[in-house]
Number of protein chains: 2
Amino acid sequence: MSIPKDINPDLAKERKSATFDVEEFSAWIYDSANLLQMKRLIEEELYKDLDDPIELDYLSYEDIYNRGLKHSVEAVKKLRALQDRLHPGGSEIYPTLMGGPVAMALMPAGTPLAVHVVMFTRALRGQGTPEQYEKFGRRADNCEIIGTYAQTELGHGTYLRGLETRADYDRQADEFVLNTPTLTSYKWWPGGLGQTVNYCIVVAQLYIDNEPLGVQLFVLQVRDEQTHAPLPGIDIGDIGKRIGMPGVNNGYLGLKNVRIPRTNMLMKNAKVLPDGTFVKSPVSQLTYFPMVYVRCMVVLSNCIFHAQAVTITTRYSAVRRQSPINPNLPEPQILDHLTQQMKVVPEIAAVITYRLAGGKLYKMYVQTAKAVNRGDYSRLPELHALACAMKASCTYDSAFGIERLRLSCGGHGYLASANLGNLFTWATAACTYEGENSVLYLQVGRILLKTWADVLAGKQLMPTMAYLSECARWSEFPHWSGDWMCLVQALQFAATNKTRIAYKNYNERLKRDLSPPEASNATGIELTQAAELHGRAFVANTFYEEVTGSSKAKRSASLNKLLEDLLELYLIHTVQRHMADILRFIRLTEDHLTSLQSRLETALAQLRPNLVAICDGFDFHDKVLSSVLGCYDGNVYERIFEAAKKSPLNKKVVPASFEQHLKPFMKSNL
Amino acid sequence: MSIPKDINPDLAKERKSATFDVEEFSAWIYDSANLLQMKRLIEEELYKDLDDPIELDYLSYEDIYNRGLKHSVEAVKKLRALQDRLHPGGSEIYPTLMGGPVAMALMPAGTPLAVHVVMFTRALRGQGTPEQYEKFGRRADNCEIIGTYAQTELGHGTYLRGLETRADYDRQADEFVLNTPTLTSYKWWPGGLGQTVNYCIVVAQLYIDNEPLGVQLFVLQVRDEQTHAPLPGIDIGDIGKRIGMPGVNNGYLGLKNVRIPRTNMLMKNAKVLPDGTFVKSPVSQLTYFPMVYVRCMVVLSNCIFHAQAVTITTRYSAVRRQSPINPNLPEPQILDHLTQQMKVVPEIAAVITYRLAGGKLYKMYVQTAKAVNRGDYSRLPELHALACAMKASCTYDSAFGIERLRLSCGGHGYLASANLGNLFTWATAACTYEGENSVLYLQVGRILLKTWADVLAGKQLMPTMAYLSECARWSEFPHWSGDWMCLVQALQFAATNKTRIAYKNYNERLKRDLSPPEASNATGIELTQAAELHGRAFVANTFYEEVTGSSKAKRSASLNKLLEDLLELYLIHTVQRHMADILRFIRLTEDHLTSLQSRLETALAQLRPNLVAICDGFDFHDKVLSSVLGCYDGNVYERIFEAAKKSPLNKKVVPASFEQHLKPFMKSNL
């Protein structure tokens, strides 16, 4: 089966129908034309001579690991060489591109080096002393040693203080003695830990003279640098197959009286002195600050999975023809079915919205990091609340969005070569890692309770919380104009009133003699709902401000019109999604509701000619999408067929299993 | 790692806390104590000496197929032998148990023989003449030939009339000439088609003298019975990896001037005579009747996937301890977190409700089949609408329910050995096969439009539609008592009003000169919503009738109390889920809404002591659950560890990849 050189005519037609300049859109979403050009240049360079990713589908688990490791090593080499050539001393190619779309093209099975690059080296730099960086960090940066970050245990996840691994200080020997005293304290999950790394950072409870001193980080060598054999006292291995990320080599680690020098505890903040004196970290507020950064990254990366899925689905929906609308005409592109538009377009809008909101969150993080360096921690709780709420809602919306998109491709979405199933396994993993979503919403809920007390006390609130004070002053929702500001305010009003109710119920429970954490647990459903609304109101408002704010002047009229259509669709869809809460607090008439539905359908029609072009504007290389349904040229059926031909079962006319199992069975006269 | 002999103490405690008799519950849900005992006896017999299913996780694609075929052949032999021994001439063991939980234990990769058993043999019997049954059907029943049912094409799915495969009658030769004239007409997806079957039923457009005569079924031999080599003109193979069901061997089939005797067209209904005369089927209404049967089966089987997932999750949630509620106590069972209950308990209630509604649908099918045999087709449209709506809502609710349950297990839900990911791939496949869900909802929507015209004309409606007439008479919703009947009526009232609005908008579009199908497409969003509500109102009402109706007298008071608690939870949760529609049509006060939330929380508390026992009552054998998180004994961590140890990566202390890739990399002085 040869793939036609031409673009599928339906896709070509779609591209002609666009009412905006795709290049302008791409430059906008990539933050600048320069960054976009650089991205393309880098990709052109990197994607020569890649292995066919389809091959991975047919390998055994062990062979996938080996192949994934090969890809990973090659990727590091390529990226470092390119960084040195294009911008020596920079980091925008290596290590940055060891994550994101480029990583997916270079290392489609995932990589056991991800945690090394993203967390191990960062922690050595950020949590270690300069001497410790010299001893471990520099070697890690040069990949002379490979490490991971071992925090989660078999029995302990999000609740850090529950960790059981212990590091006891032995004053005589000037050493820590590391132990995982129970099965549930085995480290479990760290990427690369299984067979790949020879070092790791172990997160353990520090004990001095049996006195617990909280969780600290310890550098531990786990395998011999020459032979790679596990060192004494170390029980290490692979945790077995997961539902996705087959090449990541997640591992386990058990420790039995493993000794490390005192100086292997990372001591930038807290310290243990040779005599066993424990010096506390001067800045306890900072414990969760690195998590804020990671959650920003999770939002942005899930946004990319989501964007890939919507690109694949939109292109396929323009190529696929099925089920007549007008019985006298040929079967239409499925994108002309209104129900299909309703599956695809809100996901496109969600991708753009989360991209903006994730970008804004990251800017806030950078500003806050600067403030923190000045000793100003005032905006940390606000940022923490936003990062939690957005991480939870973005990962949930992207994971379930990708699955709905996959379903909207019908049976062919079930093909591994469509790559939608794979994207789902990546996206959904983020719902539970780096803070399980419900736990995060509950944290946000508790922050909202505190904030509501401030509202009642008439205190000034943080900027992203300020709407709570304003809405609290309204005895009822102001005039329903239905304009964008009104829709954003409706979400804020609902978030406010859900917070108010949760606060009321929480306090009634306190009066009935529940302790604060018990009352908070008993109010968990309502707290979670308030937190979710708080996050979505922020996300919606971010999009609203981008479209209507000053940056408008930098964009062409046609791009602004497109973004306005997307905003219209996004706000109406989000308001409809939370309509139960909105109708609870705002009296909408039948006319209001009819008008929203009719505006929704108008927005879908307005956007219809631009859908393929918007997805083109996400500018995913075919090697990144890696999808028979989503290729730029739209030659879907030829590519499905070509991929099928690669199945090893098709290499022989008659499989060996015929003589072995099937023939004796059919001839057995059952 | 040895697995303790004891039951995990938390699980043991849960079992003691149950307020009802688990055996009575099991007998109720399995329809009788006898059926339950028979099931257990059969499982005890069948599950000796099974291969360890974990091994499948580590095999290559090709090896999984071979292993799956071996399991399939063994399963058929075991089941037939048991059928012959326990009840010769019956069918409740073979072929029935080639699907369902037993099949999952015997053939964990799925089976390439499923379509042979479920559709190929059934179609030969149901659509063939007695002579055709003698020629093909008997051999198929004895597995002397293995077949599949080849309908879906690469470019054509749910819309049957769009199929391109053609069968041209050649009068001279008394033969049909079969062709797949385009790439998009290749048959694609049939289970077993790849390398397993030697026969199939081809669904093709019949042409006589180039005149199209609609879709007919043709028996085609595709491989030589002795050598298994594909026959001339036949291009056959495997479609490649899917996201689940790795052992099903879905295949493709291209046909080039393949000739078969005229008598290979299945002619129970329509016929082609030797002279080329086409005799139409006398009963055109029956074309979709077999699909109703299949959709009943899909509902019941997705219900089982869902029940397995909720059993696994509930047991794990009772064993897992995480995140303190009371800081002075040890970390609680996560099932004591209200947010976790809110994830688990509605799924338990949904499983039971769909089990009942699926059972009721199946009874209606059996009754209607009898009526059809008497020539009475009057209830076909009603049954068709219900089967479509329930297939769509059950598959959607179970698939997304399973994924939410998996997420509620945190990271460990991502382990393949948890089996939740696998259950998801089975459940979600049913959202697109046997009628894509949105297409089904649109069909229901169009039936609702016709029914609404009957309402306006004052006509008598079918029993399951009758609520539409009743609700249409209410100018507003009667007094909100909040009792169960009121909650069911609220769903019905919402379904009625959504139908009314869709009808109004549809007719306005007709007046604006859209053709009926165009108007129906333009009203697609609202039609889909009305259809979904119609289905859910039926499902809710079925549960309500079971709990409050005459069968109550056959159950103990404690079981009735349990079912009442579940009904309370289910109705409130379903009403909350559709609250946006309910508030649109029914003016609820803040007190009403507060009361619902408080009742919901009370119901969760009432059910809390019974959750593990209810899942025990689903009576899944550990071999069926096949989950390290869900085993009856609750020794979760030991089983996770034991499963991990089976990873082939753990067989060597140092993997070969170290010398090959990792060492040169680390020593390369990057």
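Residues numbered from 1 in each chain as written. Chains lettered and ligands numbered in written order. Predicted model: local features only at pLDDT ≥ 70, side-chain atom pairs only at ≥ 80, totals over all residues. Heavy atoms only, no water.

### Description of the overall build of chain A
On a plain count of helices and strands, chain A comes out with 23 helices and 11 strands. With 670 residues in all, chain A has 61% of them scored as buried. Sequence separation of 24 or more characterises 73% of the internal contacts of chain A that already satisfy a separation of 6 or more. A total of about 24800 Å² of accessible surface is found on chain A, and carbon and sulfur atoms cover 54% of it. Both charge centroids of chain A, one from 73 positive and one from 71 negative side chains, sit 1 Å from each other. (Helix = DSSP H or I, 4+ residues; strand = E, 2+ residues; numbered from the N terminus. Buried < 20%, exposed > 50% of the residue type's maximum accessible area, 1.4 Å probe, protein only. Contact = heavy atoms within 4.5 Å. Areas by Shrake-Rupley, 256 points an atom, 1.4 Å probe, with all protein chains shown as cover. Lys, Arg positive; Asp, Glu negative; His and termini not counted. Charge placed at Lys NZ, Arg CZ, Asp CG, Glu CD.)

### What to know about helix α11 (residues 420–432) of chain B
Among the 13 residues in α11 of chain B, 12 count as buried, and that is most of the element. All of the buried residues along α11 of chain B are Leu420, Gly421, Leu423, Phe424, Thr425, Trp426, Ala427, Thr428, Ala429, Ala430, Cys431 and Thr432 of chain B. Those residues of α11 of chain B hidden inside the fold are in contact with α10 (380–408) and α11 (420–432) of chain A together with α5 (100–106), α8 (289–319), α10 (380–408) and α12 (437–456) of chain B. Looking one or two residues past α11 of chain B, Glu434 of chain B carries a phi angle of roughly 55°, positive in sign.

### Topic: the sheet that holds strand β7 (residues 234–238) of chain A
Residues and elements named next belong to chain A. Spatial ordering of the open sheet is given by β4-β8-β7, a layout of 3 strands whose pairing is antiparallel. On the outer flanks of this sheet lie β4 (187–188) and β7, each paired with one strand and no other. Strand direction decides the pairing type here: β4 and strand β8 (residues 251–255), joined by 2 bridges, are antiparallel. Looking at the pairing, Trp188 lines up with Tyr252 of β8. (Pairing = 2+ DSSP bridges.)

### Some words on the pairing of strand β9 (residues 258–261) of chain B
Residues and elements named next belong to chain B. Burial along β9 is one-sided: the residues Val258 and Ile260 are buried and none of Arg259 and Pro261 is. Examined bridge by bridge, strand β3 (residues 175–179) and β9 share 4 bridges and lie antiparallel to one another. In the sheet register, Leu178 faces β9, and the bridge partner there is Val258.

### Some points on a nonpolar patch on the surface
Residue and element names in this part refer to chain A. Where nonpolar side chains cluster on the molecular surface, the patch consists of Met38, Leu41 and Leu86 and spans about 240 Å² of accessible area. Turning to its location among the elements, Leu41 is positioned in helix α3 (residues 33–46). Judged by relative accessible area, Leu41 falls into the partly exposed class, the value being 45%. (Patch = residues over 30% accessible without salt bridge, like charges linked within 9 Å, V, L, I, M, F, W, Y side chains within 5 Å. Salt bridge = Lys/Arg side-chain N within 4 Å of Asp/Glu carboxyl O.)

### Digging into the sheet that holds strand β7 (residues 234–238) of chain B
Sheet strands line up and pair through hydrogen bonds in the backbone, either parallel or antiparallel. With antiparallel pairing, 3 strands are arranged side by side in an open sheet as β4-β8-β7 (chain B). Since the sheet does not close on itself, it has two edges, and those belong to β4 (187–188) and β7 of chain B, each with one partner.

### Topic: the interface of chain B and chain A
Taken together, the 141 residues of chain B in the interface contact 141 residues of chain A. Together, Tyr414, Ile525 and Leu649 of chain B form the three largest contributors to the area buried by chain B at its contact with chain A, with a combined 7%. Here chain B is connected to chain A by 10 salt bridges. At the surface where chain B touches chain A, the tally comes to 50 residue pairs in polar contact (both at pLDDT 80 or more). Counting residues per element, the side of chain B that touches chain A draws most heavily on helix α4 (residues 61–86) of chain B, which supplies 10 residues. (Buried area = accessible area lost by both parts, 1.4 Å probe. Polar contact = N/O pair within 3.5 Å; in protein donor to acceptor, adjacent residues only side chain to side chain.)

### Things to note about unusual backbone geometry
Cis geometry marks the peptide bond from Tyr94 of chain A to Pro95 of chain A, where omega comes out at 10°. On the secondary structure map, Pro95 of chain A appears in the loop between α4 (61–86) and α5 (100–106). Of note, Ser626 of chain A is a non-glycine position whose phi angle comes to about 50°, a positive value. Mapped onto the secondary structure, Ser626 of chain A falls in the loop between α21 (622–625) and α22 (636–645). Its identity as a non-glycine residue notwithstanding, Met245 of chain B has a phi of 50°, on the positive side.

### Thoughts on the domain arrangement of chain A
Examined at the domain level, chain A breaks down into domain 1 (147–281) and domain 2 (437–588). A straight line from the C-alpha centre of domain 1 of chain A to that of domain 2 of chain A covers 41 Å. (Domains from an automatic or database assignment.)

### Structural notes on the environment of Leu97 of chain A
One can find Leu97 of chain A in the loop between α4 and α5. Not counting residues up to four positions away in its chain, the partners in contact with Leu97 of chain A are Ile42, Leu79, Glu92, Val102 and Ala103 of chain A.

### Thoughts on the nonpolar core
Ranked by size, the top nonpolar core spans 426 residues in total, and within it Phe618 of chain A together with Phe618 of chain B carry the most contacts. If we ignore the near neighbours within four places in the chain, the residues touching Phe618 of chain B are Phe25, Ile29, Tyr30, Ala307, Val310, Thr311, Ile348, Val351 and Ile352 of chain B. (Core = buried A, V, L, I, M, F, W, Y, C linked by side-chain atoms within 4.5 Å.)

### Structural notes on the packing of aromatic side chains
On inspection of all chains with the given rule, the structure shows 46 aromatic pairs over all chains. Where Trp474 of chain A meets Phe477 of chain A, the ring centres are 5.9 Å apart and the plane angle is 80°; that geometry is what we call edge-to-face. We classify Phe477 of chain A as buried; its relative accessible area is 9%. Residues Tyr293 of chain B and Tyr365 of chain B carry aromatic rings whose centres are separated by 5.5 Å and whose planes lie at 50° to one another, so their mutual orientation is tilted. Here Tyr293 of chain B, found in helix α8, pairs with Tyr365 of chain B, found in helix α9 (residues 338–373); they are 72 residues apart in sequence, far enough to count as distant. On the basis of relative accessible area, Tyr293 of chain B is assigned to the buried category, the value being 17%. Relative accessible area serves as the criterion here: at 12%, Tyr365 of chain B is assigned to the buried category. By way of ring pairs, the aromatic residues Phe20, Phe25, Trp28 and Phe618 of chain A are connected into one cluster. Sitting over the ring of Tyr632 of chain A, Arg15 of chain A keeps its end group 3.6 Å from the ring centre. Here Arg122 of chain A stacks its cationic end above the ring of Tyr293 of chain A, 3.9 Å away from the centre of that ring. (Phe/Tyr/Trp six-rings, centres within 6.5 Å; stacked < 30°, edge-to-face > 60°. Lys NZ or Arg CZ within 6 Å of the ring centre and 35° of its normal.)

### Re the relation of the copies chain B and chain A
When chain B is fitted to chain A, the best match, at an RMSD of 0.0 Å, comes from turning it 180° and sliding it 0.0 Å along the axis. Expressed as an axis order, the relation between the two copies is that of a two-fold axis. A shared binding surface is used by both copies, with 100% of the interface residues of chain B retained as interface residues in chain A. (Least-squares fit on C-alpha atoms with pLDDT ≥ 70 in both.)

### Brief notes about the pattern of salt bridges
Residue and element names in this part refer to chain B. Per the counting criterion, the structure on display carries 94 salt bridges over all chains. Arg67 is the salt-bridge partner of Glu55, the closest N and O atoms lying 2.8 Å from each other. Residue Glu55 is found in the loop between α3 (33–46) and α4, and its partner Arg67 is found in helix α4; the two are separated by 12 residues along the sequence. In this structure, Lys187 and Glu153 form a salt bridge, with 3.0 Å as the shortest nitrogen-oxygen distance. Placement of Lys187 in strand β4 and of Glu153 in the loop between β1 (147–150) and β2 (166–170) is noted, with a sequence separation of 34 residues between them. Taken individually, Lys187 and Glu153 each receive the classification buried, so the pair is uniform in this respect.

### What about the packing of α8 of chain B against α10 of chain B?
Residue and element names in this part refer to chain B. The contact between α8 and α10 brings their axes to 9 Å, and the two run at 20°. In terms of orientation, α8 and α10 fall into the roughly parallel class. Between α8 and α10 lies a crossing whose hand is left-handed. (Axes fitted to C-alpha atoms, helices over the stretch in contact; angles between N-to-C directions. Parallel < 35°, antiparallel > 145°, perpendicular 65-115°, else oblique. Left-handed = near helix turned anticlockwise from the far one by under 90°.)

### Considerations on the state of the cysteines
Enumeration according to the criterion identifies 0 disulfides over all chains in this entry. Free of any disulfide, Cys296 of chain A has its nearest cysteine sulfur in Cys388 of chain A, 11 Å distant. Left unpaired, Cys303 of chain B is separated from the closest cysteine sulfur, that of Cys394 of chain B, by 5.7 Å. Taking the relative accessible area as the measure of exposure, Cys303 of chain B reaches 4% and is therefore buried. (Disulfide = S-S within 2.5 Å.)

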